[in-house]
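Structural description and commentary
Here's the letter readout for the chains.
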2 protein chains.
Amino acid sequence: MSERALSVLRKKVAARMQYYLKSNFSLNTLAYQLLSDYPTRPGKGIRPTFCLAATASVGGDYNNAINTGTAIELFHNSFLIKDDIVDQSLYRRGDLTLDKKYGLALAANAGDALKILGMSPLIDNLASIGVRKSLQVILEIQEMARRSIEGQITELTYVKENRVDLKPEDYFKICENKTCWYTIIAPCRTGIIIGLDDASSQQLDAITRYAMNVGIAFQITDDTLNLTASQVLYGKEINGDILEGKRTLMLIHVFNSCSPEEKQRISKILETSRDAKTEADVVYVKDLIEKYSAIEYAKKTAKQLATKARVVLLEECDWMTEKRWKNFFLEQTNYLIERER
Amino acid sequence: MSERALSVLRKKVAARMQYYLKSNFSLNTLAYQLLSDYPTRPGKGIRPTFCLAATASVGGDYNNAINTGTAIELFHNSFLIKDDIVDQSLYRRGDLTLDKKYGLALAANAGDALKILGMSPLIDNLASIGVRKSLQVILEIQEMARRSIEGQITELTYVKENRVDLKPEDYFKICENKTCWYTIIAPCRTGIIIGLDDASSQQLDAITRYAMNVGIAFQITDDTLNLTASQVLYGKEINGDILEGKRTLMLIHVFNSCSPEEKQRISKILETSRDAKTEADVVYVKDLIEKYSAIEYAKKTAKQLATKARVVLLEECDWMTEKRWKNFFLEQTNYLIERER
């Protein structure tokens, strides 16, 4: 799958997003400016491309998935706005976060508006893919949204309770809910529902297993990039996760490898609020991450998960008949863990 | 309509909200605790009672409107959480706001979760009121949500741009979008759609005109209460609107009545951030409100709008055949502008 072919998919979804923005808000208004800000910053477009590619991979017309891909991308942008507010982040996609640019009140309302706008293409599905599939897609998106929030709340609960007794499985469970569902699982499942006449639960289960493994690998990679990436490429501030006290796989590996004294000190640092953490605190945590080779451990885990994902695709998805598009999924599985942003 | 009859409606919706909360989140979890916090605080339950009453007023079974009333109430609670965050409010329904109680991150996610939960009863409508009406209701709720956010953004834009040139019509337009649609219009319209075999656009237009007048009167009353109510009864902090710089009808009346010097000073005060406003600033604004009898002006306007609303009901809604329920709307129209909380 060439970069050019992918760029065609991204452009189709970007145009459709603009359609919904423009038909709901007048140009030259602050509302339009606010709402189109994140959607027009350069992003990877993983979610809509996975959705459209899933439809094409089973022989469907990917144009039928544009509405759904657009809905998911609108929800994604809405989640980004909220995440940036609650994480008190400074940068997103290489520019100031929306709330740093326009203030909390306008940013929070813009986030809500994008979520509501995301319902429109799902309703418009009725005219293009029929009532039965439209309703199936709505239920998938509903489950996706519910899971994302549940994952976020669990993650925040771990931070709030300053948990240092977590195991990798706890992290995987958070990823399953907060990342996999809305980044990979829902795009793949809805794409296949749209592409096939009547997707079976075996087919949906198989793609969900694939997507789960890719999704966790994706999140692990995102977390390692938060520590190691070039800020310009990454577009967010480096070390943000440590400041927020996020329970990443690296941190959990440190908890399970370090001495009681180290654990006590790291626990004290993590329970300090973001603003109160010092440069030395961050350095101490990063030193432990290095001492226990936590990044290498995380990268190895991501690689294993990506391999598992590829095996599911190769061994359980023979109903994915379009080789060119199946290759897209195989290639993306590698790309998502090897990317530098 | 007795208070007891209303309390039956409120309880039915409260029970249905609990059903959705409990079937999506385990009890004894922080997520359940967070999400059920606002919904279990004592509220007026205006939105769901209007929805159920509208169905009953045209001879329908109000049990068919419970899902929709529940959806609207879940959205309402979600909006309250967001409003309290962006307004930096301290109290809601007599207790600390959710973000003051649990922190911004958990509160913002709880708000999102309630919005997503609100989709479930709308989907469950399919089984009880059929595909056609379910989709009509979804479109109404979508319009309601879109309008609410548009109204909020316009209101915030006026604050951000420190506008002191506004006319009452600008305020009415904000109310139409941010208040009327989701407090009165959508509950009434969906209730009637559910109750009638095939609601005509004339019927929906008439109830919309009624609801528009009531909604504006309701918001004016809310704004006067923000200045005059007993904090215990009102449940929110008094004078919050002045601190936020909200363009209420009273404030707009002052802009259009005061001297250029007064206008300059009030403009300077309003552009100060919430935290930087002093006690003396608030007193200065309140003194002008008193000097120009702005509260009396606002109350008179609310009364006129309520009268208009009652006239619409009496003259244009003869298809509202159930006298007992039609009386509910007539009584509520008075109650909503005479209430003390």
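Anyway, here's the lowdown on the structure attached to this text. Model, not experiment: these values are computed from the prediction. (Residues numbered from 1 in each chain as written. Chains lettered and ligands numbered in written order. Predicted model: local features only at pLDDT ≥ 70, side-chain atom pairs only at ≥ 80, totals over all residues. Heavy atoms only, no water.)

1. Some remarks on the overall build of chain A
To keep things clear, this is the line we draw: The numbering of helices and of strands both runs from the N terminus, where a helix is a DSSP run of H or I of at least 4 residues and a strand a run of E of at least 2. For each residue, the accessible area found with a 1.4 Å probe, counting protein chains only, is set against the maximum for its type, and the residue is called buried under 20%, exposed over 50%, and partly exposed in between. Areas reported here follow the Shrake-Rupley algorithm with a probe of radius 1.4 Å; residue values treat only the protein chains shown as occluding.
Of the regular secondary structure elements, chain A holds 16 helices and two strands. Dimensions along the principal axes, computed over C-alpha positions, put chain A at roughly 60 × 50 × 35 Å. Taken over 341 residues, chain A has a buried fraction of 64%. A total accessible area of about 13,200 Å² is found for chain A, and carbon and sulfur atoms account for 50% of it.

2. As for the pattern of salt bridges
Two side chains of opposite charge can pair, provided their charged atoms sit close to one another. As a reminder of what qualifies: Salt bridge criterion: a side-chain nitrogen from Lys or Arg within 4 Å of a carboxyl oxygen from Asp or Glu.
A complete count under the given rule lists 51 salt bridges over all chains for this structure. With a closest N to O distance of 2.6 Å, Asp112 of chain B and Lys115 of chain A form a salt bridge. Of the two residues, Asp112 of chain B is situated in helix α6 (residues 104-117) and Lys115 of chain A in helix α6 (residues 104-117); the pairing between them involves two chains. With relative accessibility at 3%, the residue Asp112 of chain B sits in the buried group. When its relative accessible area of 7% is taken as the criterion, Lys115 of chain A is described as buried. Among the salt bridges present, the one from Glu150 of chain A reaches Arg146 of chain A, with a minimum N-O distance of 2.8 Å. Note that Glu150 of chain A and Arg146 of chain A are positioned in helix α7 (residues 119-160) at a spacing of four residues, about one turn of the helix. Here the salt bridges do not stand alone but share partners, grouping Lys82, Asp112 and Lys115 of chain A together with Lys82, Asp112 and Lys115 of chain B into one network.

3. Regarding the interface of chain B and chain A
Applicable threshold: Contacts are assigned to residue pairs with any non-hydrogen atoms lying within 4.5 Å of each other. Here the quantity called buried area is the total loss of accessible area, with a 1.4 Å probe, experienced by two parts when brought into contact, counted for both. For this classification, the nonpolar set comprises Ala, Val, Leu, Ile, Met, Phe, Trp, Tyr, Cys and Pro, the charged set comprises Asp, Glu, Lys and Arg, and every other residue, Gly included, is treated as polar.
Of the residues lining the interface, 38 residues belong to chain B; the matching set on chain A comes to 38 residues. Between chain B and chain A the total buried area reaches about 3,500 Å² when both faces are included, carbon and sulfur atoms providing 75% of it. Viewed at the interface, chain A and chain B are joined by four salt bridges. Between Lys82 of chain A and Asp112 of chain B there is a salt bridge, with its nearest N and O atoms 3.0 Å apart. Elements that contribute at least two residues to the side of chain B that touches chain A include exactly α2 (30-40), α4 (66-86), α6 and α7 (119-160) of chain B. Looking at side-chain class alone, the side of chain B that touches chain A contains 26 nonpolar, six polar and six charged residues.

4. Some points on the packing of α4 of chain B against helix α8 (residues 168-195) of chain B
All names here are of chain B. Selection criterion: Lines fitted to C-alpha atoms define the axes, with helix axes restricted to the stretch in contact, and inter-axis angles between N-to-C directions lie between 0 and 180 degrees. Small angles under 35 degrees read as roughly parallel and large ones over 145 as roughly antiparallel, with 65 to 115 read as roughly perpendicular and the rest as oblique. Two helices cross in a left-handed way if the nearer one is turned anticlockwise from the farther one by less than a right angle. They cross in a right-handed way if the turn is clockwise.
Where α4 contacts α8, the two axes come as close as 10 Å, and the packing angle between them is 165 degrees. Classified by the angle between their axes, α4 and α8 sit roughly antiparallel to one another. Viewed along their axes, α4 and α8 form a crossing whose handedness is right-handed. Taking contact as the criterion, the partners of Thr68, Ile72, His76 and Phe79 in α4 are, on α8, Tyr182, Ala186, Pro187, Thr190 and Ile194.

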